[in-house]
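Summary of the model geometry
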Amino acid sequence: MVELNYMPRTRKFSSLLRLRDITSSAIDNYLRSRGFINIHTPILTSNDCEEAGEVFVVTPDSKSLVKSMKRENVAEEESYFNTKAFLTVSGQLHLEAVTRAFTKVYTFSPVFRAENNKSRLHLSEFRMLEAEIAFINNLDDIMDEVESLIKYVVKDVFEKGASDINAIGGREIEWLNDKFARITYNDAINILQNNADSTKNRITFGDSLSKEHELLLVKHYNNIPVFVTNWPKEMKPFYMKECNDDSSKVAAMDLLVPTAGEIVGGSIREDDYEKLKSKLPLTSDLAWYLELRKYGNVPTGGFGMGFERFLQYIFDIPNIKDTLPFPRWPHNCSL
C-alpha cells in the first residue's frame, strides 16, 4: 500500500477516487429514479441493530464534563445521553420507522464495526447503502430491486468512467445481460457437499458459509452473482420474518459475487407484534421499534450493501483498504 499522504496524488488512486464518486452518484440517481427518498439516519445511536456486540461505545473525552452531568444511579458511560451510545452499525431500524410515511427510503452513510479483523475484506469504518420498502412481503421483489440497482450502476460507471477504469486495470463485467442465480440455503449446502473435494472445510446444514464456500457457489454458477435465500433463523438477526412455509427459516437473502463473496444482505421484516416481541434481545432498548407494529402496521422489507466491498469487486481491487483514501482497521486510525 502507498503512504496515505501520497495515495491521492498517484494516477491509479486518483482514478479510483473519481470512480468512487461516479459510483456513489449512480447509486443516488438510480434510487431517486425509482422513487426512493434519502434519509439521514443517525451516526450516534442507542441500538446495536445486529446484536452482535461489534459496537464502539461513545462517551465524552472530558472527564469534568462527565462528572458534572452524572446522575445518581447512572453509569459514567451513560451520563451524557442517559443511556449507552454507540457508533451506528446500521441505519435499518430508523429507516423502517420512516418508510411507514414515505414507502421507499434509503440512506448512504458511514457505519462502524468493532471487530478484530484485518482481512482484505474488512474495515472498521465503511459506507453502507441501505434501502427500505413498505407494502412488500415477497423476497423476490427485493432481489429484483437489488439486481436492477447493481446492473444499472455497473453499466453507468463503466460508461462514464471508462478512462479511469482503464487506468486502474479494472475487470470486465460479463454478466450484465444474465439473470442472477437464485438458490435456497438448502440448495447451497447440497451444492457445497457435492463439491466437498474442492473445499478445505466441509460444511453441514446449520453452518454459516465461509468466504471459501461463497466463492465456490459463485463459481458453480459460472461467476454470475448468486442470491442465497431462506436461511435458518438461528443464523440471522431477530428482525427477519419467518418463511410462510417453514418457520425454521427466515425470508432473508445474501447476494454473493466473485472475489468479494457476500456484498448485499436483505430480508422481509417481522411485522407481527407478538412474534417480534418474543424475539427481541433481552438486553436491547428497542421498545420504540416494537411499538411500530402495535397500532396498525404495514409489511416492510429492505437490503444493505457494503459500498467498499462493492467497489472492490467491480474494479478488481484485491484489498478493501485500497478503495478509500483514509481506511480504518484495528490498530490503524492515523490522520
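Coordinates for the structure precede this section.
Below is a summary of the structure that appears in this document. Since this is a predicted model, take the numbers as computed values, not measurements. (Residues numbered from 1 in each chain as written. Predicted model: local features only at pLDDT ≥ 70, side-chain atom pairs only at ≥ 80, totals over all residues. Heavy atoms only, no water.)

1. Some words on the overall build of the chain
Helices and strands together make up the secondary structure of the chain, namely 10 helices and 11 strands. Computed over C-alpha atoms, the radius of gyration of the chain comes to 21 Å, within 12% of the 20 Å expected from 2.2 N^0.38 for 335 residues, which places it in the range of a compact globule. Across its three principal axes, the chain shows a C-alpha extent of roughly 60 × 55 × 45 Å. Contacts in the chain between residues far apart in sequence, at least 24 positions, make up 71% of those at least 6 positions apart. For the chain, the centre of its 41 positive side-chain charges and the centre of its 48 negative side-chain charges are spaced 3 Å apart. (Helix = DSSP H or I, 4+ residues; strand = E, 2+ residues; numbered from the N terminus. Rg over C-alpha atoms; globule rule 2.2 N^0.38 Å. Contact = heavy atoms within 4.5 Å. Lys, Arg positive; Asp, Glu negative; His and termini not counted. Charge placed at Lys NZ, Arg CZ, Asp CG, Glu CD.)

2. Some words on the nonpolar core
Of all hydrophobic cores here, the largest spans 50 residues; its most connected members are Leu 129, Val 146, Ile 150, Met 253, Val 264, Phe 303 and Phe 315. With 9 residues, helix H4 (residues 139–160) is the largest single contributor of residues to this core. Contacts of Met 253, omitting those with residues within four sequence positions, involve Leu 139, Ile 142, Met 143, Val 146, Phe 227, Val 228, Thr 229, Trp 231, Val 264, Gly 265, Gly 266 and Phe 303. Counting 32 residues, the second-largest nonpolar core is a separate cluster that includes Ile 189, Ile 191, Val 228 and Tyr 273. (Core = buried A, V, L, I, M, F, W, Y, C linked by side-chain atoms within 4.5 Å. Buried < 20%, exposed > 50% of the residue type's maximum accessible area, 1.4 Å probe, protein only.)

3. Describing the packing of helix H1 (residues 11–33) against helix H10 (residues 307–314)
The relative placement of two packed helices is expressed as an angle between their axes plus a distance between the axes. Two numbers describe how H1 lies on H10: the axes approach to 11 Å, and their chain directions differ by 115 degrees. Taken as a pair, H1 and H10 cross one another with a handedness that is right-handed. Between H1, through Arg 20, Thr 23, Ser 24 and Ile 27, and H10, the contact on the second element is made entirely by Phe 307, Glu 308, Phe 310 and Leu 311. The residue makeup of the contact of H1 with H10, split by class, is 4 nonpolar, 2 polar and 2 charged. (Axes fitted to C-alpha atoms, helices over the stretch in contact; angles between N-to-C directions. Left-handed = near helix turned anticlockwise from the far one by under 90°. Nonpolar A, V, L, I, M, F, W, Y, C, P; charged D, E, K, R; others polar.)

4. What about H4?
Note: α-helices contain 3.6 residues per turn, so residues at a spacing of three or four share the same orientation. If you check H4, its first and last C-alpha atoms are 32 Å apart, about what 22 residues at 1.5 Å a residue would give, namely 32 Å. At the N-terminal boundary of H4, the capping side chain belongs to Asn 138, with an oxygen 2.8 Å from the backbone nitrogen of Asp 140. (Expected span 1.5 Å × (residues − 1). Polar contact = N/O pair within 3.5 Å; in protein donor to acceptor, adjacent residues only side chain to side chain.)

5. Things to note about the pairing of strand S6 (residues 181–184)
Along S6, the buried face is formed by Ala 181 and Ile 183; none of Arg 182 and Thr 184, which line the opposite face, is buried. Sheet topology places S6 next to strand S7 (residues 226–232); 4 bridges connect them, and they run parallel. Within S7, the position partnered with Ala 181 by the bridge is Val 226. (Pairing = 2+ DSSP bridges.)

6. A few points about unusual backbone geometry
Phi at Thr 103 is positive, roughly 75 degrees, even though this residue is not glycine. Along the chain, Thr 103 falls in the loop between helix H3 (92–102) and strand S4 (104–112). The phi torsion at Asp 316 lies on the positive side, around 55 degrees, for a residue other than glycine. The residue Asp 316 is located in the segment after H10 in this model. On the basis of relative accessibility, which here comes to 37%, the residue Asp 316 falls in the partly exposed class.

7. Focus: the pattern of salt bridges
Enumeration over the complete set of coordinates arrives at 22 salt bridges. Of the charged contacts in the structure, one is a salt bridge between Glu 145 and Arg 34, with a shortest N-O distance of 2.9 Å. Of the two residues, Glu 145 sits in helix H4 while Arg 34 sits in the loop between H1 and strand S1 (37–38), which places them 111 residues apart along the sequence. Using a relative accessible area of 39% as the deciding quantity, one classes Arg 34 as partly exposed. Here Lys 179 and Asp 144 are joined by a salt bridge, their closest N and O atoms 3.7 Å apart. Placement of the pair is Lys 179 in the loop between helix H5 (162–168) and S6 and Asp 144 in helix H4, with a sequence separation of 35 residues. You can call Lys 179 exposed: its relative accessible area is 54%. (Salt bridge = Lys/Arg side-chain N within 4 Å of Asp/Glu carboxyl O.)

8. A closer look at the side chain of Thr 99
With respect to the helices, strands and loops of the structure, Thr 99 is situated in helix H3. The class of Thr 99 is buried, set by a relative accessible area of 0%. Here Ala 134 takes part through its backbone nitrogen, which lies 3.5 Å from a polar atom of the side chain of Thr 99.

9. Digging into the pairing of strand S10 (residues 261–268)
Walk down a regular strand and you will see the side chains alternate between the two sheet faces. Burial runs high along S10: 6 of the 8 residues are buried. Direction of pairing for strand S9 (residues 246–257) relative to S10: antiparallel, over a ladder of 6 bridges. Across the sheet, Met 253 pairs through a bridge with Gly 266, a residue of S10. Connecting the antiparallel pair S9 and S10 is a turn made up of 3 residues, with Thr 259 showing a positive phi of about 70 degrees. Inspection of the sheet shows S10 paired to strand S11 (residues 300–306) by 5 bridges, in the antiparallel sense. Looking at S11, one finds that Ile 268 is bridged to Gly 301.

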